[in-house]
Amino acid sequence: AVIWRGDEGKVPRLILRLSVFVGVLLLVGAAAWMLYDRVLGLGGSDLSDLDSAARKAYLNTHSPQPAGDDNSPVSFRVEPGETGREVAERLHDQGLILDPRLFRYYLIEEGLAVEVGEYIVDQTMTPFEIAEAMQFGRANETVLTLPEGRRIEEVADLAAEVGIDRAQFISLVASPSTITQTSDGSAFDFLVDLPADATLEGYLFPDTYLLPQDADALDLVGRMLSTFDVRITPEMRAQAEAQGFSLHDVITLASIVEREAVLAEERATIASVYRNRLANGIKLDADPTVQYPLGQSGDWWPQITLDDYLAVDSPWNTYLYPGLPPSPIANPGLDSIKAVLTPEDTQFLFFMRDCEADDGSHLFSLTDEEHMANYARCVG
């Protein structure tokens, strides 16, 4: 049979030419991609003048904006073998940076190293600040998060989970006089005015702490007090004094607000109720102040009964004793402290849980009659 009709060599030559053409296209495509990759900094570590110029131009024309306004601490771990590009993409995927390329270009141009380790970052940090924070690995550090509204014993339990000696911690916070200064030698001025028998309840600032593996109780307590010293600014302390409150008063009331408020938007309203009651010489009648002396291991905030209001004879029980309790009942966060210093402008004197909404919100009232009507509607 005749297959090629005398053109036996033409088709193989055509196939060969097509193969060569496709090969050339692939080579050109690869070269184009490499150029694109180099100019835009999408990979590799070949830092030619052209690469650097392109990166610098990008850095100069793009503003390092934070990803958001949420300052909640986020633990971010750089894993072994991860590239700068992979880290940048993960930061972007978690909503911590807006522009992965900007982050990576900054690393390259500044000669920074992102090493394996655990880092605490948040949305309010610019990509440059995050890059700076990540130049040293923290593989040998432990992350300890202390939530708002926990009492000393609960803080001690959390600290014990990361290796802090619980008994040593309790002993230290029970005797503030043993901790008098910061790591740089300056005094913790806010401890000077503590009552003689006070503990550090209220002053163990809730935050996320990075601790060395060999950290002890003294190191942790010092860090918490230093954080308190920074976050409670001189302006806030002056604000308290101008309002006729000592800092201890503010922290004590803030600890009650912290335990009462479930919804963040109600903190300032709840603070206004207590401020109004204090101003009018009315007992605070705060349930958490009854729970505090009843608390015990395994149940630090027990459910209270109607009998407990009068049966719990403790100076912390604000149903029995007027004014503020002798000391904080927990460690409040910054928002509760600010709520006490700048409460909502209301005339409310009462509040109780909204039984119908059942979402943590409260019913606020001006008079005892309104309050009792709310109580009757919820309790029956």
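Residues numbered from 1 in each chain as written. Predicted model: local features only at pLDDT ≥ 70, side-chain atom pairs only at ≥ 80, totals over all residues. Heavy atoms only, no water.

Undergrad: Describe the overall build of the protein, naming the residues involved and giving the relevant values.
TA: Per the secondary structure count, the protein includes 15 helices and six strands. Residues counted as buried form 42% of the 380 residues belonging to the protein. Across the protein, contacts joining residues at least 24 apart in sequence account for 63% of those joining residues at least 6 apart. (Helix = DSSP H or I, 4+ residues; strand = E, 2+ residues; numbered from the N terminus. Buried < 20%, exposed > 50% of the residue type's maximum accessible area, 1.4 Å probe, protein only. Contact = heavy atoms within 4.5 Å.)

Undergrad: Describe the environment of Ala240, and please don't skip the residues or the numbers.
TA: If you trace the backbone, Ala240 turns up in helix H9 (residues 234-242). A residue is classified by how much of its surface remains accessible, and Ala240, at 2% relative accessible area, is buried. It is 6.5 Å that separates the C-alpha atoms of Ala240 and Leu341, two residues lying 101 residues apart in sequence. Residue contacts for Ala240: discarding those within four places in its chain leaves Phe245, Val250 and Leu341.

Undergrad: Which residues make up the pairing of strand E2 (residues 117-121), and what values do they have?
TA: Burial within E2 is extensive, with five of its five residues counted as buried. Burial along E2 is two-sided: Gly117, Tyr119 and Val121 facing one way and Glu118 and Ile120 facing the other are all buried. Pairing of strand E1 (residues 74-78) with E2 involves five bridges; the strand directions are antiparallel. Across the sheet, the residue bridging to Val74 is Val121, located in E2. (Pairing = 2+ DSSP bridges.)

Undergrad: How would you sum up the pairing of strand E6 (residues 362-365)? Please name residues and give values.
TA: Here E6 shows a buried face lined by His362 and Phe364 and a second buried face lined by Leu363 and Ser365. Where strand E5 (residues 350-353) meets E6, four bridges bridge the pair, whose relative direction is antiparallel. Bridge pairing in E6 links Phe351 to Phe364.

Undergrad: Can you tell me about the pattern of salt bridges, naming the residues and giving the values?
TA: Enumeration according to the criterion identifies twelve salt bridges in this entry. Residue Arg277 pairs with Asp285 through a salt bridge whose shortest N-O separation is 3.3 Å. Between Arg353 and Asp358 there is a salt bridge, with the nearest N and O atoms lying 3.6 Å from each other. With a relative accessible area of 47%, Arg353 lands in the partly exposed category. (Salt bridge = Lys/Arg side-chain N within 4 Å of Asp/Glu carboxyl O.)

Undergrad: Describe the packing of helix H3 (residues 84-93) against helix H4 (residues 100-110), naming the residues involved and giving the relevant values.
TA: Look at H3 against H4: their axes get within 9 Å of each other, and the N-to-C directions meet at 140 degrees. By the criterion of interaxial angle, the relationship of H3 to H4 is oblique. Where H3 crosses over H4, the two elements pack in a sense that is right-handed. Along the contact surface, H3 presents Gly84, Arg85, Val87, Ala88, Glu89, Leu91 and His92, while H4 presents Pro100, Phe103 and Arg104. Here the contact of H3 with H4 is built from residues that sort into five nonpolar, two polar and three charged. (Axes fitted to C-alpha atoms, helices over the stretch in contact; angles between N-to-C directions. Parallel < 35°, antiparallel > 145°, perpendicular 65-115°, else oblique. Left-handed = near helix turned anticlockwise from the far one by under 90°. Nonpolar A, V, L, I, M, F, W, Y, C, P; charged D, E, K, R; others polar.)

Undergrad: Give a detailed account of the side chain of Glu201, specifying residues and quantitative values.
TA: The residue Glu201 is located in the loop between helix H7 (166-173) and strand E4 (208-212) in this model. For Glu201, which is buried and forms no salt bridge, the nearest opposite charge comes from Arg151, at a distance of 5.0 Å. Looking at Glu201, its side chain comes within polar contact range of the main-chain nitrogen of Ile152, at 3.0 Å. (Lys, Arg positive; Asp, Glu negative; His and termini not counted. Polar contact = N/O pair within 3.5 Å; in protein donor to acceptor, adjacent residues only side chain to side chain.)

Undergrad: Mind laying out the packing of helix H6 (residues 152-161) against H7, listing which residues take part and the relevant values?
TA: The interhelical angle for the contact between H6 and H7, taken along N-to-C directions, is 145 degrees, at an axis separation of 9 Å. The two elements H6 and H7 cross, and the hand of that crossing is right-handed. The segment H6 lies against H7, with Ile152, Glu153, Val155, Ala156, Asp157 and Ala160 engaging Arg166, Phe169, Ile170 and Val173. Of the residues contributing to the contact of H6 with H7, the split by class is seven nonpolar, no polar and three charged.

Undergrad: For the state of the cysteines, give the residues involved together with the corresponding values.
TA: Under the criterion given, the structure shown has one disulfide. Put simply, Cys355 and Cys378 are joined by a disulfide, and their sulfur atoms are 2.0 Å apart. Taking the torsion about the S-S bond as the criterion, the Cys355 to Cys378 disulfide, at about -80 degrees, is left-handed. Taken as a pair, Cys355 in the loop between E5 and E6 and Cys378 in helix H15 (residues 368-379) lie far apart in primary sequence, 23 residues in all. With a relative accessible area of 22%, Cys378 lands in the partly exposed category. (Disulfide = S-S within 2.5 Å.)

Undergrad: Run through the packing of aromatic side chains, naming residues and quoting values.
TA: In total, this model carries 13 aromatic pairs according to the counting rule given. Ring geometry for Phe188 against Phe190: centres 5.7 Å apart, planes inclined by 55 degrees, an arrangement best described as tilted. Neither residue differs from the other here; Phe188 and Phe190 are each classed as buried. Look at Phe205 and Phe228: their rings are 6.4 Å apart centre to centre, the planes differ by 75 degrees, and that puts the pair in the edge-to-face class. (Phe/Tyr/Trp six-rings, centres within 6.5 Å; stacked < 30°, edge-to-face > 60°.)

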